Structures are given as C-alpha cells and as structure tokens.
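Residues per chain are reported as follows:
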Amino acid sequence: AQSVTQPDIHITVSEGASLELRCNYSYGATPYLFWYVQSPGQGLQLLLKYFSGDTLVQGIKGFEAEFKRSQSSFNLRKPSVHWSDAAEYFCAVVSKEETSYDKVIFGPGTSLSVIP
Amino acid sequence: GAGVSQTPSNKVTEKGKYVELRCDPISGHTALYWYRQSLGQGPEFLIYFQGTGAADDSGLPNDRFFAVRPEGSVSTLKIQRTERGDSAMYLCASSLDPNNEQFFGPGTRLTVL
C-alpha cells in the first residue's frame, strides 16, 4: 500500500530564510503527489501538485516542489519565508491505479514556525 | 463562489451520546469525502460518496460510524455511542468528479468528554 512519510515533525525558520520540507512516498508506479497547507481553524488548501512532465512544479504563495523518482521524494521549498507561512504542511499521494477515484493518502504533517 | 462548509465548527458531547456532523459541498460536485484528523496527524480517509451512494466506506473505523448523502449534495456523518477516542477534527471534501481536485471544508472539531 502507498504511504507518505514526512521526517520532520516540527521546523522553525527565521523570516526571510529559505525553507525545505521533506516528503518521501512509497509507491510502485508514478504517483500523483500533492502538498497541502493547513492554518489554524482553516481547511486544507492545495499548494501544488505533480502528475507528470516537468519534475519541478510551481505552486501558490511562492512555493515549489521537486519530484525525484530515484529518491522517492517530493520536497517542498520556498526561497524566502514570510511570517504568514507558519502553518501545518501535509504531503499527500494519490493512487490512480488501485481505486477508480482519487483516494488521498496524507503524511503525518510538518509544523512550521516562523520567528521574526 | 461558496466553498465547502461544515457545521457545527465545534461539537462537545459526552461519552455514549449520538452526534451528527454536516457537510455542504460545493454546488455541482458529485464526489464527496470524509476524513478524520487526530491531533498531530494527517487526515485519514473515512468514506467516499459518488452521488448518493457510498462507493468506498472502507475507512470507517467501526459500525458506530455511518454517513449518508440522500440527495447527492449535503452529507451527514453520524456517530453513535461516542467514545473519547472519537475526539478529532472531521474534515469533508468535495470534487467535481472522482478524479479531480478535492476542496476541503474548515472541519468540525469533535470533543467527547
């Protein structure tokens, strides 16, 4: 079965510093990969997604992620973090082959704190 | 347009009571999903509806949990004889069709005392 791991439970960065959140997945075929952000009291918001093609994908709010098949990774990056980026970040994978619908499997999340 | 809405936003109940959580999907979305998110964890799939029917309920933890979507729009997640372990955030999502982006509601935080 597919699974998603996010090795970092919590990360703290200074405002203006660069950010990289790690995500590893376990899946045999080419996965459909997502990053979501969840702010307190808010629902999940899709930051970006990878289905195929260019392995570097751009998302909203200045985020990008790179799919590396050899490492089974889909790390999220941002060159300069803003205080408003403090939130919980979830990596997720969808199997297009095991179900007839998009069954989303989420990682455990990484909590991001931003210090002034 | 309006996004996915969920009511109530917070629900506190006592152990053994019955609760209903409501989800209003985006108009026109045929697919609807329920997830449960425990503290410090990612959301876990509970059930998927295509139209009025539950196409996959494999994520429901036991027979105390049940969900309906009688007219193919609003859905209600029902939990009988609540237990303290049911305390979690319950998220609803909808999508235009089963293979499209899922849009999430703000969730209902359930606390069982």
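That block above? That's the structure.
Rules and cut-offs
Residues numbered from 1 in each chain as written. Chains lettered and ligands numbered in written order. Predicted model: local features only at pLDDT ≥ 70, side-chain atom pairs only at ≥ 80, totals over all residues. Heavy atoms only, no water. Pairing = 2+ DSSP bridges. Helix = DSSP H or I, 4+ residues; strand = E, 2+ residues; numbered from the N terminus. Axes fitted to C-alpha atoms, helices over the stretch in contact; angles between N-to-C directions. Buried < 20%, exposed > 50% of the residue type's maximum accessible area, 1.4 Å probe, protein only. Polar contact = N/O pair within 3.5 Å; in protein donor to acceptor, adjacent residues only side chain to side chain. Contact = heavy atoms within 4.5 Å. Salt bridge = Lys/Arg side-chain N within 4 Å of Asp/Glu carboxyl O. Phe/Tyr/Trp six-rings, centres within 6.5 Å; stacked < 30°, edge-to-face > 60°.

(A) Layout of the sheet that holds strand 3 (residues 19–24) of chain B. Residue and element names in this part refer to chain B. Taken in spatial order, the 4 strands of this open sheet run 1-3-8-7, and their pairing is antiparallel. A single partner strand is all that each edge strand has here, and the edge strands are strand 1 (5–7) and strand 7 (65–68). Averaged over all neighbouring strand pairs, the angle between strand axes comes to 15 degrees, with direction disregarded. Sheet topology note: the strand 7/strand 8 (residues 75–79) ladder contains 4 bridges and is antiparallel. Its bridge partner lying in strand 8, Phe-65 is registered against Ile-79.

(B) Structural detail: the side chain of Gln-6 of chain B. Residues and elements named next belong to chain B. As for its placement among the helices and strands, Gln-6 is situated in strand 1. With relative accessibility at 6%, the residue Gln-6 sits in the buried group. A polar atom in the side chain of Gln-6 sits 3.0 Å from the backbone nitrogen of Cys-92. Leaving out residues up to four positions away in the same chain, Gln-6 has contacts with Arg-22, Cys-23, Trp-34, Tyr-90, Leu-91, Cys-92, Gly-105, Pro-106, Gly-107 and Thr-108.

(C) The arrangement of the pattern of salt bridges in detail. One pass over the full model with this rule turns up 8 salt bridges over all chains. The shortest N-O distance in the salt bridge between Asp-8 of chain A and Arg-22 of chain A comes to 2.9 Å. In this pair, Asp-8 of chain A sits in the loop between strand 1 (3–5) and strand 2 (10–14) while Arg-22 of chain A sits in the loop between strand 3 (19–21) and strand 4 (24–26), placing the two residues 14 residues apart along the sequence. According to the relative accessible area criterion, Asp-8 of chain A is buried, its value standing at 18%. The class for Arg-22 of chain A is partly exposed, based on a relative accessible area of 38%. Its salt-bridge partner being Asp-86 of chain B, residue Arg-64 of chain B comes within 2.8 Å of it at the nearest N-O pair. Taken together, the positions of Arg-64 of chain B in the loop between strand 6 (53–56) and strand 7 and Asp-86 of chain B in the loop between strand 8 and strand 9 (88–95) put the pair 22 residues apart, joining distant regions of the chain. In this structure Arg-64 of chain B comes out as buried when scored by relative accessible area, which is 6%.

(D) Inspection of the packing of aromatic side chains at higher detail. All chains considered together, the criterion is met by 18 aromatic pairs over all chains. Ring centres 6.3 Å apart and planes at 35 degrees place the aromatic pair Tyr-101 of chain A and Tyr-33 of chain B in the tilted group. Separated into two different chains, Tyr-101 of chain A in the loop between strand 10 (87–95) and strand 11 (103–106) and Tyr-33 of chain B in strand 4 (residues 31–37) make up a pair that spans both. Grouping residues by exposure puts Tyr-101 of chain A and Tyr-33 of chain B together as buried. Clustering of aromatic rings is evident, with ring pairs tying together Tyr-32, Phe-34, Tyr-36, Phe-51, Phe-90, Tyr-101 and Phe-106 of chain A together with Tyr-33, Tyr-35, Phe-45, Tyr-48 and Phe-104 of chain B.

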